[in-house]
Amino acid sequence: MTQDIRVTIDTAALRHNVATLRAAVAPARVMAVVKANAYGHGAVECARAFVDAGVDWLGVADLDEAVELREAGVTAPVLAWLHTPGETFERATAHDVTPAVSDVAQLEAAAAAGVRAVHLCVDTGLSRNGAVAAEWPEFFARAAALADRLPVEGVMTHLSNASPEEDGAQVAAFLSAIETLGGLGLEPRLRHVAASAAALHFADVGQGPVDMVRFGLAAYGLSPFPDRRAADLGLRPALTMRAPVTTVKRVPAGEGVSYGYVFRPERDTTIAIVPVGYSDGVDRAASDRASVTIGQRTYRVRGRIAMNALVIDVGDDPVEVGDEVVLFGDPALGHQGAEDWARAFDGITYEVVASLSARLPRSYA
């Protein structure tokens, strides 16, 4: 019944978000990150919308995602930064994809593959991919030695969103890396940081030596902050998830509802079945906690969310089969937001959208 579930993406909202974020970090360039199927929004179509909105670069996690964009006809600059051991980078050369490399072995492989240019990834405190400070001397020296046939176009790091102070310390470490590169004669024209939260915390992140910012979640109109909604940041959520009511039935007081009978109504009530479940990416931990909307009314999800269905308690309201249920969308339109669902299962907004099954049909307006 996946055809009954409608995931719609408002491309005008995507364009609005790009404009808002660009203004926030001006005069820096902007990279829109479309990894993980564009955070559940659909990589190819969102990439096209972002390019139309004027982003300077697109970012993906790996070469598989980059090749998908190229094969769909996306020609904008694409950066990929996570690579499996032994990656030869031949696909990067064949599809004009720029790899970000994190160590000498990746640097050598990129040079051997005839890659057009690379970005150097440095770890300034996230402790994920990227060369740590102790590795910079060897890493940077080898990059300088190879620069004639493998230009260093950029240098990048990723901030931890731990606190403004700790992110500030990472920015300082990044500037130290840039200075070290300069001492070796390397002056990358693109020096860029992420993520959305850190970029929005630092009003002047796009000033001075940082000249590109990578935006992920915020580009889709969702807040990276647990205590601030998208509208507070001038952003518009682009994705709305809808499904129809497929069954309506009256349930007497005390009757168990769904698996495990974690919900038994205290009085006679009407329940409505919605054909969405955890196989579609709706987290089971939101059972008996999340809410949805029908029209202008909000209803609680009751009982355990199943693989292909969830139950809502509509009380005595006249809900009918075929009525449209909005699971989440834009709170400005009266819908539950992705933030509300995240709170319902003690998760984060990223999970709500990125977990949506790729098999769900998506439409773009």
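Look a little higher up for the structure.
Residues numbered from 1 in each chain as written. Predicted model: local features only at pLDDT ≥ 70, side-chain atom pairs only at ≥ 80, totals over all residues. Heavy atoms only, no water.

Enquirer: Go over the nonpolar core, please, and point to the residues and values.
Expert: Counting residues in each nonpolar core, the largest one holds 114 residues, and the members touching the most others are Phe-50, Leu-58, Leu-120, Met-241 and Trp-341. Here the element with the most residues in this core is helix H3 (residues 43–52); it accounts for 6 residues. Of the domains in this structure, domain 1 (11–222) and domain 2 (239–364) are the two that each give at least three residues to this core. Once you skip the residues sitting within four places of it in the chain, Trp-341 turns out to touch Val-282, Ala-286, Ala-290, Ser-291, Val-292, Val-301, Ile-305, Leu-310, Leu-327, Phe-328, Gln-336 and Val-352. Counting 6 residues, the second largest nonpolar core, distinct from the first, contains Val-251, Val-257, Phe-263 and Ile-273. (Core = buried A, V, L, I, M, F, W, Y, C linked by side-chain atoms within 4.5 Å. Buried < 20%, exposed > 50% of the residue type's maximum accessible area, 1.4 Å probe, protein only. Helix = DSSP H or I, 4+ residues; strand = E, 2+ residues; numbered from the N terminus. Domains from an automatic or database assignment. Contact = heavy atoms within 4.5 Å.)

Enquirer: Let's hear about the environment of Leu-235: which residues, and what values?
Expert: Topologically, Leu-235 is positioned in the loop between strand E9 (212–215) and strand E10 (239–244). What makes Leu-235 buried here is its relative accessible area of 4%. Taking C-alpha positions, Leu-235 is 24 Å from Ala-358, a pair spaced 123 residues apart along the chain. When neighbours within four sequence positions are excluded, Leu-235 is seen to be in contact with His-16, Asn-17, Thr-20, Leu-21, Ala-218, Gly-221, Leu-222 and Ala-230.

Enquirer: Give me the lowdown on the side chain of Arg-362, citing residues and values where you can.
Expert: With respect to the helices and strands, Arg-362 occurs in strand E17 (residues 362–364). Asp-280 provides the closest opposite charge to the buried, salt-bridge-free Arg-362, at an N-O distance of 9.3 Å. Of note is the side chain of Arg-362, whose polar atom sits 3.1 Å from the backbone oxygen of Ser-357. Separated by 2.9 Å, the side chain of Arg-362 and the backbone oxygen of Leu-360 make a polar contact. In this structure, Arg-362 is in contact with Val-7, Ile-9, Asn-37, Gly-40, His-41, Gly-42, Leu-356 and Ser-357, ignoring residues within four places of it in sequence. (Lys, Arg positive; Asp, Glu negative; His and termini not counted. Salt bridge = Lys/Arg side-chain N within 4 Å of Asp/Glu carboxyl O. Polar contact = N/O pair within 3.5 Å; in protein donor to acceptor, adjacent residues only side chain to side chain.)

Enquirer: Which residues make up the environment of Ile-273, and what are the values?
Expert: Structurally, Ile-273 can be placed in strand E12 (residues 269–274). Measuring from C-alpha to C-alpha, the distance between Ile-273 and Arg-48 comes to 36 Å, with 225 residues separating the pair along the chain. Once residues lying within four places of it in the same chain are set aside, the contact partners of Ile-273 are Pro-244, Val-245, Thr-246, Thr-247, Ala-309, Leu-310 and Val-311.

Enquirer: Please give an account of the packing of aromatic side chains that cites residues and values.
Expert: This model, assessed by the stated rule, comprises 6 aromatic pairs. Aromatic side chains Phe-139 and Phe-140 sit 5.9 Å apart centroid to centroid with 35° between the ring planes, which places their arrangement in the tilted category. By relative accessible area, Phe-139 is classed as buried at 1%. Classification of Phe-140 as buried rests on a relative accessible area of 0%. Lying over the aromatic face of Trp-81, Arg-214 brings its terminal NZ or CZ to 5.6 Å of the ring centre. (Phe/Tyr/Trp six-rings, centres within 6.5 Å; stacked < 30°, edge-to-face > 60°. Lys NZ or Arg CZ within 6 Å of the ring centre and 35° of its normal.)

Enquirer: How would you explain helix H4 (residues 63–71) if you had to name every residue and give the values?
Expert: Because each turn of an α-helix spans 3.6 residues, side chains separated by three or four positions in sequence point in the same direction. Among all positions in H4, only Leu-63, Glu-65, Ala-66, Val-67, Leu-69 and Arg-70 are buried. Capping of H4 at its N-terminal end is provided by Asp-62; its side-chain oxygen lies 3.2 Å from the backbone amide nitrogen of Asp-64. After H4 finishes, the residue Gly-73 shows a positive phi value of roughly 95°.

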